[in-house]
Amino acid sequence: MQASPLQTEENFISEEPYYEATGQEIAIFEAAYQNGLPVLIKGPTGCGKSRFMEYMAWRLKRPLVTVSCHDDLTASDLVGRYLIKGGETSWVDGPLASAVRAGAICYLDEIVEARKDTMVVIHPLADDRRVLPMEKRGELLRATPEFCLAISYNPGYQSVLKDLKQSTRQRFVALEFDYPEAALEQQIVEKESGVDGEMAAKLVKFAAMTRNLKGSGLEEGASTRLLVHAAKLIASGVTPVDACHSAIAQALSDDHEMLTAINELSASLF
């Protein structure tokens, strides 16, 4: 069997990631971790879910394995598979199995995008059993106390076909994330990009305008992540109007009329 890649230092976060708490999420996550409880993080795109996971991995001094879920992600992709190399067959752990063996934090991002058989695999890990069945090897992998399972999704994209079943939901401690309140979001944009407070405040105000368009032609308003992207462009010399057009408007929509409306909002501020 191939050695776990988590035996190297690359999965450890050595420097403290910048993260500003918006509530009791740090204390709740730590309490869940100490009790071996899995964590579900829900919130809109770009609100800080992944950064929070990086921060908690650094804070708890555990390696972090992040898997970006997608339509083609299978149970075998997570658990592992047999590969033929040089005429010999060897087993290679998937990221979930590697995390279980190493006592790491495994973060499955946008879990609802994965195939249904993936959900079934994580169920035994997300209850009192804390085991990962490896059917192809006839092995039952037991999680160490250090192992933590965390998943995330965006409730705004829920549908009949892409939703978490109650059998999955009720295994997790849930944390709800949202965009920070204006003053804190301004502070984050300043810190992450280097623009001054006045420019950061205008970008936050612009974001609020786009978020008011959600459901009226936009699936999502401008995320904190997009504000940081725009601010970095501005800090590098791009005009605010052009930065907002490229980093925010074009990222939010392809509809010509909606793009015109968003650009008019930015022009009113800059």
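The structure displayed is predicted, hence computed values, not measured ones. (Residues numbered from 1 in each chain as written. Predicted model: local features only at pLDDT ≥ 70, side-chain atom pairs only at ≥ 80, totals over all residues. Heavy atoms only, no water.)

Undergrad: What should I look at first to understand the overall build of the chain in this one?
TA: When helices and strands are tallied, the chain shows 11 helices and nine strands. Considered along the principal axes of its C-alpha atoms, the chain spans approximately 65 × 40 × 35 Å. Out of the 270 residues belonging to the chain, those deemed buried represent 47%. Contacts in the chain between residues far apart in sequence, at least 24 positions, make up 72% of those at least 6 positions apart. Working note: accessible area of the chain is about 13500 Å², and carbon and sulfur atoms make up 49% of it. Within the chain, one finds 27 positive and 38 negative side-chain charges whose respective centroids are separated by 7 Å. (Helix = DSSP H or I, 4+ residues; strand = E, 2+ residues; numbered from the N terminus. Buried < 20%, exposed > 50% of the residue type's maximum accessible area, 1.4 Å probe, protein only. Contact = heavy atoms within 4.5 Å. Areas by Shrake-Rupley, 256 points an atom, 1.4 Å probe, with all protein chains shown as cover. Lys, Arg positive; Asp, Glu negative; His and termini not counted. Charge placed at Lys NZ, Arg CZ, Asp CG, Glu CD.)

Undergrad: I would appreciate a short explanation of the side chain of Ser 266 in the present structure.
TA: Looking at the element boundaries, Ser 266 is found in helix 11 (residues 256-269). Of the residues examined, Ser 266 reaches a relative accessible area of 1% and is grouped as buried. Here the side chain of Ser 266 touches Asn 263 through a polar contact of 2.8 Å, landing on its backbone oxygen. Residues contacting Ser 266, with those up to four places away along its chain left out, are Phe 206 and Cys 244. (Polar contact = N/O pair within 3.5 Å; in protein donor to acceptor, adjacent residues only side chain to side chain.)

Undergrad: Can you help me understand the pattern of salt bridges in this one?
TA: When charged atoms on two side chains of opposite charge get close, those side chains can pair. One pass over the structure, following the stated rule, counts 11 salt bridges. We note a salt bridge from Arg 81 to Asp 77, for which the minimum N-O separation is 3.0 Å. When its relative accessible area of 25% is taken as the criterion, Asp 77 is described as partly exposed. In this structure, Glu 139 engages Arg 101 in a salt bridge whose closest nitrogen and oxygen atoms are separated by 3.5 Å. Here Glu 139 is found in strand 7 (residues 139-142), whereas its partner Arg 101 is found in helix 4 (residues 95-102), with 38 residues between them in sequence. Glu 139 gets classed as partly exposed once you look at its relative accessible area, which sits at 24%. Given a relative accessible area of 28%, Arg 101 falls into the partly exposed group. Taken together, the salt bridges that share partners define one network made up of Asp 93, Arg 101, Arg 137 and Glu 139. (Salt bridge = Lys/Arg side-chain N within 4 Å of Asp/Glu carboxyl O.)

Undergrad: Even after reading the chapter, I still don't get empty space enclosed by the protein, so can you show me in this structure?
TA: Vacant regions in the atomic arrangement are exposed by a probe of water-molecule size rolled over the atoms. Considering all chains together, one arrives at one cavity of 30 Å³ or more under this definition. The space that makes up the largest cavity amounts to roughly 40 Å³. Along its surface, the largest cavity is lined by Tyr 33, Gly 36, Leu 37, Pro 38, Leu 125, Arg 130, Phe 147, Cys 148 and Leu 149. Here the residues of the lining of the largest cavity sort into seven nonpolar, one polar and one charged. (1 Å grid on protein atoms, 1.4 Å probe; cavity = no way out; pocket = protein on both sides within 12 Å on 5 of 7 lines; lining within 4 Å. Points joined across faces, edges and corners; volume = space filled by probe spheres on them. Nonpolar A, V, L, I, M, F, W, Y, C, P; charged D, E, K, R; others polar.)

Undergrad: How should the layout of surface pockets be read in this particular structure?
TA: In this structure, the largest pocket spans a volume of roughly 500 Å³. Lining of the largest pocket is provided by 23 residues; of these, Gly 46, Cys 47, Gly 48, Arg 51 and Arg 225 occupy positions nearest its centre. Where the lining of the largest pocket is concerned, the elements lending two or more residues are helix 2 (49-60), helix 7 (182-193) and helix 9 (224-235). Element by element, the count of residues in the lining of the largest pocket is highest for helix 9, at five residues. Estimates place the volume of the second largest pocket at around 260 Å³.

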